[in-house]
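Observations on chain architecture
These are the residues of each chain, in order.
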Amino acid sequence: MAVLWLLLLAGLPTFLLGVFVWVAIQNFLTADIPSTLKHPAKLWFMHCTGQYLIALGNILEKLRICAMPRFLQFLISLMPIKKDPNVLATDMHFGTVPVRLLKPKAVSSKPRRGIVFYHGGGAIIGSLDSYHGLCSFLASETDSVVLMVGYRKLPSYHHPVLANDCLSATIYFLTHLESFAVDPSRVVLCGESIGGWAVATVMQVLTRIPSLPQVQAQVLIQPILNVVNFQLPSYQQSKNVPFLTRDMLFMCLCKYLAIDLSWKDAMLAGAVIPLDKWKKYQKWISHENIPSRFWRQFSQPESLGPFNEAAYLETKHIWSAEISPVLADDEVISQLPKTLLVSCENDILRDDVLLYKKRLEDQGVPVNWYHVEDGFHGCIMLLDKKYLSFPCSMKAAKAVIDYIKGI
């Protein structure tokens, strides 16, 4: 037995190297690095490293050693936290939801602005620690109290746990603003990626609770807002752009929404879309709602595949506004507060932002839109990562900071 273990250990480095070489070759052939991006080799290497760790996680999961999300979460937990000496961080729980309160150490003579922040990570890899640097920067630069919400994630928790955790933590915060020295007239909801989706869903619920202090603004950074139409231009143009490729997006979506990945092709082809629903919602989710400069040279209009009733029955919950916020009724959209939307040109979710922008504007909601021409999905979270950061990281962060400072 000892000899067997020695042989296995001796072969482990070779196995790990082989997996990395396989992943590197695969991504060399498929990854689409934007030509407008500075430091393209850095992005490619980071993407390959991420795909390598996912591949190792999938191997461990198939061997029934550890679920892939837990493996990634363990690795993320090993990363050091960059602490700002001028920001005080306090960990606590609102009920069962872990949260982290960040506030400038400098004494303020009056209540500060409050920011409720929902992190990204596809319900798999994001955490309070991995977004600590970005949120500390927000707290310091805007002189605000930032509440980070550590919602529960995969593999143990699926929809709607993430949204419910964000909602319950936010309601608790809003009902205790005085104890956190927050000005009730200056509260902002902010989130990135799936955290941006949480902002949209939570904010739509809060509009129906008039007894709570009114949220003054919402900030959605590269959010996913549509889980119905996967034929939008950005889904075609950026399907292989790091860090969020189409395959990665579907892996996260299907795991979180408990949809078998075998229905992926039907969802991509639009075969899960009944004709009557398409006629009803086309006015909100068609590529025709995207400014023509984003699609006229690159992509084809939607073409719904033959309707697959079995696929529709397995995926019909995607038609809920709780999952696809862009589908909310006009009455709900019109009640939303002023909004900042941040999109990136090289992001598969770019057009989700553009669809929501039009929906908000059509209902008279004041909208600021910042578009990062050289940006890619997740770039803002690299802000504090020194050598792993990009110029577009600061551009996106500065847009958010400048907007929030005006609240």
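Model, not experiment: these values are computed from the prediction.

Describing an aromatic ring pair means giving the distance of the ring centres and the angle of the ring planes. Under the criterion given, the structure shown has 13 aromatic pairs. Seen in terms of ring centroids, Phe117 and Tyr131 are 6.0 Å apart; in terms of plane orientation they differ by 40°. Their pairing is tilted. You can see Phe117 sitting in strand E3 (residues 112–118) and its partner Tyr131 sitting in the loop between E3 and helix H4 (132–142), a full 14 residues away along the chain. Tyr131 shares its class with Phe117; the two are buried. With a centroid separation of 4.7 Å and 50° between ring planes, the pair formed by Phe230 and Phe250 is classed as tilted. In this pair, Phe230 sits in the loop between strand E6 (217–221) and helix H7 (233–237) while Phe250 sits in helix H8 (residues 246–256), placing the two residues 20 residues apart along the sequence. Phe250 shares its class with Phe230; the two are buried. Connected via pairs of aromatic rings, a cluster forms that spans Phe94, Tyr172, Phe173 and Phe180. Against the face of Tyr157 rests Arg152, its NZ or CZ located 4.9 Å from the ring centre. A cation sits over an aromatic face here: Arg359 above Trp284, 3.6 Å from the ring centre.

A surface patch of nonpolar side chains, about 560 Å² in accessible area, is lined by Leu17, Val21, Ile25, Phe28 and Leu29. Relative to the elements of secondary structure, Phe28 occurs in helix H1 (residues 2–30). Given the relative accessible area of 64%, Phe28 is considered exposed.

One open sheet holds the 8 strands; their spatial order is E1-E2-E4-E3-E5-E6-E7-E8, and the pairing between them is mixed. Of all strands in the sheet, those bounded by a partner on one side alone are strand E1 (87–94) and strand E8 (367–376). For this sheet, the mean inter-axis angle between neighbouring strands, taken without regard to orientation, is 20°. Pairing of E3 with strand E4 (residues 144–149) involves 6 bridges; the strand directions are parallel. Residue pairing in the sheet places Tyr118 in a bridge with Val149 of E4. Most of the contacts of H4 go to E4, to which it runs at about 160°, and overall it touches E1, strand E2 (97–104), E3 and E4.

Looking now at the packing of helix H5 (residues 161–174) against helix H6 (residues 194–206). Direction vectors running N to C along H5 and H6 enclose 60°, while the axes themselves pass 9 Å from each other. Judged by the angle between their axes, H5 and H6 are oblique. In the crossing of H5 with H6, the sense of the turn from one axis to the other is right-handed. Residues Leu162, Ala163, Cys166, Leu167, Thr170, Ile171 and Leu174 of H5 form the contact with H6, whose own contacting residues are Ile194, Trp197, Ala198, Thr201, Val202, Val205 and Leu206. Looking at side-chain class alone, the contact of H5 with H6 contains 12 nonpolar, 2 polar and no charged residues.

Here we take up unusual backbone geometry. With glycine set apart, most residues show a phi of negative sign, and most peptide bonds adopt trans. Geometrically, the link from Leu154 to Pro155 is a cis peptide bond, its omega value of 5° lying close to zero. On the secondary structure map, Pro155 appears in the loop between E4 and H5. The step from Pro242 to Phe243 runs through a cis peptide bond, and the omega angle for that step is -5°. Examined against the element boundaries, Phe243 turns out to sit in the loop between H7 and H8. Even without a glycine there, the phi angle at Arg64 is positive, about 60°. Looking at the element boundaries, Arg64 is found in the loop between helix H2 (40–62) and helix H3 (68–77). In the Ramachandran plot, Ala181 falls in the positive-phi region, its phi being about 55° despite a non-glycine side chain. By the element assignment, Ala181 lies in the loop between H5 and strand E5 (182–192). Given the relative accessible area of 42%, Ala181 is considered partly exposed.

This brings us to the pattern of salt bridges. In total, this model carries 15 salt bridges according to the counting rule given. Among the salt bridges present, the one from Asp384 reaches Lys385, with a minimum N-O distance of 2.9 Å. Note on Asp384: relative accessible area 15%, which makes it buried. Where salt bridges share partners, they join Asp91, Arg100 and Asp129 into one cluster.

Strand E7 (residues 338–346) sits mainly inside the fold: 8 of its 9 residues count as buried. Here 5 bridges tie E6 to E7, and the two strands are oriented parallel to one another. If you follow Ala217 over to E7, its bridge partner there is Lys338. Pairing of E7 with E8 involves 7 bridges; the strand directions are parallel. Counterpart to Ser343 in the pairing with E8 is His371. What joins E7 to E8 is helix H13 (residues 350–362), and the crossover it makes is right-handed.

What follows is about the confidence of the model for the protein. For the protein, per-residue confidence averages 93 on the pLDDT scale, and 96% of positions sit at 70 or higher. Contacts of residues 3–8 to residues separated by more than four positions or lying in other chains number 0 contacts, the stretch itself having pLDDT below 50.

Scoring rules and cut-offs
Residues numbered from 1 in each chain as written. Predicted model: local features only at pLDDT ≥ 70, side-chain atom pairs only at ≥ 80, totals over all residues. Heavy atoms only, no water. Phe/Tyr/Trp six-rings, centres within 6.5 Å; stacked < 30°, edge-to-face > 60°. Helix = DSSP H or I, 4+ residues; strand = E, 2+ residues; numbered from the N terminus. Buried < 20%, exposed > 50% of the residue type's maximum accessible area, 1.4 Å probe, protein only. Lys NZ or Arg CZ within 6 Å of the ring centre and 35° of its normal. Patch = residues over 30% accessible without salt bridge, like charges linked within 9 Å, V, L, I, M, F, W, Y side chains within 5 Å. Areas by Shrake-Rupley, 256 points an atom, 1.4 Å probe, with all protein chains shown as cover. Salt bridge = Lys/Arg side-chain N within 4 Å of Asp/Glu carboxyl O. Pairing = 2+ DSSP bridges. Axes fitted to C-alpha atoms, helices over the stretch in contact; angles between N-to-C directions. Contact = heavy atoms within 4.5 Å. Parallel < 35°, antiparallel > 145°, perpendicular 65-115°, else oblique. Left-handed = near helix turned anticlockwise from the far one by under 90°. Nonpolar A, V, L, I, M, F, W, Y, C, P; charged D, E, K, R; others polar. Right-handed = clockwise from strand over helix to strand, strands pointing away. pLDDT = per-residue confidence, 0-100.

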